[in-house]
Structure formats: C-alpha cells, structure tokens
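# Geometric and topological summary
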Amino acid sequence: MKNQICKTEDNRYEIWGTTPFDVTKRIEEEGCRCLSHTLLWNPKPKFFDYKQLKEIREKLPNWLSENASDFSKQDKEEFIQELARMTDGELLQKLIYQYSFFRTSQYEEIYVFTLKIANIQAYCINYNEVYSNYNNKDIYPEGDEFYDRLKKYYPIIENEAWAENEFGDSGIIPVNNKSNKQPTSKFLLEN
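Below or above, wherever it landed, is the structure these notes cover.

Looking now at the environment of Y111. Secondary-structure assignment places Y111 in strand β6 (residues 109–117). A relative accessible area of 2% means that Y111 is categorised as buried. Residues within four places of Y111 in sequence aside, it is in contact with N42, P45, K46, Y97, Y99, S100, C124, I125, N126 and E129.

L60, F79, L95, L115, I117 and A122 are the most contacted members of the largest nonpolar core, which totals 23 residues. Looking at this core, the elements that each hand over two or more residues are α2 (50–67), α3 (73–85), β6 and β7 (120–126). The element that contributes the greatest number of residues to this core is α2, accounting for five residues. The residues touching A122, leaving out its near neighbours within four places in the chain, are L60, W63, F113, T114, L115, I117, I157 and E158. If you look at the next biggest cluster of nonpolar residues, it comprises 14 residues, including V112, Y127, A163 and I173.

Right, let's talk about the packing of α2 against α3 for a bit. At a closest axis distance of 10 Å, the pairing of α2 and α3 adopts a crossing angle of 155°. With respect to their mutual orientation, α2 and α3 come out roughly antiparallel. Handedness of the crossing formed by α2 with α3: right-handed. Packed against α2, whose contacting residues are R57, L60, P61, N62, L64 and S65, the element α3 presents K76, F79, I80, L83 and A84 at the interface. Looking at side-chain class alone, the contact of α2 with α3 contains seven nonpolar, two polar and two charged residues.

The rules behind each value
Sequence order as written defines residue numbering, which begins from 1 separately in each chain. Residues qualify for local features only when their pLDDT is at least 70, as the model is predicted, and side-chain atom pairs are given and counted only at 80 or more; totals for whole chains, interfaces and linings, by contrast, use all residues. Excluded from the side-chain calculation are hydrogens and water; included are all heavy atoms of the structure. Numbering of helices and strands starts at the N terminus; helices are DSSP runs of H or I of at least 4 residues and strands are runs of E of at least 2. Three labels apply to residues, based on accessible area from a 1.4 Å probe with only protein chains included: buried if under 20% of the type maximum, exposed if over 50%, partly exposed otherwise in between. Whether two residues are in contact is decided by their heavy atoms, any of which lying within 4.5 Å being enough. Remark: nonpolar core denotes a set of buried residues (Ala, Val, Leu, Ile, Met, Phe, Trp, Tyr, Cys) joined through side-chain atoms within 4.5 Å. For helices, the fitted axis covers only the stretch in contact; all axes are lines through C-alpha atoms, and the angles between them, taken along N-to-C directions, range from 0 to 180 degrees. We call two directions roughly parallel when the angle between them is under 35 degrees, roughly antiparallel when it is over 145, roughly perpendicular when it lies between 65 and 115, and oblique otherwise. In this scheme the crossing of two helices becomes right-handed for a clockwise turn of the near helix relative to the far one and left-handed for an anticlockwise turn of less than a right angle. Under the convention adopted here, Pro, Cys and the residues Ala, Val, Leu, Ile, Met, Phe, Trp and Tyr are nonpolar, Asp, Glu, Lys and Arg are charged, and Gly plus all remaining residues are polar.

This is how it looks when you write it as structure tokens:
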C-alpha cells in the first residue's frame, strides 16, 4: 500500500531530514507520496529558473568529463554545442523530476531532477527553497559548511554514487535506454 513506508503508529506520515518532519497534510491534501523514509514525491515540484539553467549548461560538460570514462575533448566540444542549440524549454523537458528530500526544515524542500546523458544519469539538485532562507542566521550561522558548499557549487550536479550514499537503493534512478525512439543527439537521450 502506498505511503505505508513512512506511516507512523499514530497514523501520521513522517519523512526524515536531520529530524523527522510531519508530511501528513502534504500526502492527504497535496497528493505527495512517500518513496522511502527520506524521500518524497511531489506532484508540483519547483523547476529550475533561467539563471539555474544557465549554470547547469556551464557545469555539465566538466561534470561529464569527470563522470564518463569515454568522454573525449571532441565529445566535450560537441556536447557544449548541443547545449547551446537547445532552448531553456527543451532542456527543462529533459530534466525529469524524481524526488525531494529535506535537510533542516520541512519548508526547505530540495528537488532532485535527473538528466540522461549517454549512458549515465546526472542528478541535478534544485535548492531554491534553501536559498530563500540564506539570510536566516538561525538556520545558517556564520561558517555553516552546508551553506558555504551551496554558495560555492550552486547548482549542484551529482552522480549515482551520491544518490546511493545519501539514500541507498531508493535514491538511484536507473538509466533506461530501452526505447524504440532513436536519440536525436549523441549525448542527451530522449525522455
């Protein structure tokens, strides 16, 4: 039965971040679903804005160089050209929302999207709600490691090892290449 995994003995629903968060209202009224003890699926995720998409375009080629063993300099140049030809709308269509997680507050939902590139999955993480609390010194005191990391690496693009380390098997999204459609490009696969 869906959502049973995060149901409590008193018939509420909890998702764990650094502490447990009550998500009963989100499940019963907003249509969210528990995917695990730490992951929530939201029917209305917050998508990347144009500034974030620009940064994703800039970071993806280097990320791919580090994460794909057979990604040559020529491949990198072609991939950069392919990204440049794509509109923001086309790139957004290829970024598929998978799940959300929480860290310090139930009001800071962190959205995880995946992007299929060749035979690997890039995990593109939308920290919009975390950024909205940047000026809250109770949440992010001076020198907070997480805050500093976000500023330095925004937006964060991770690999499957990150997903497995953070969430175990429930965080890994398999790359499904079993499609009758032929990809329109060498790198970015059809959805």
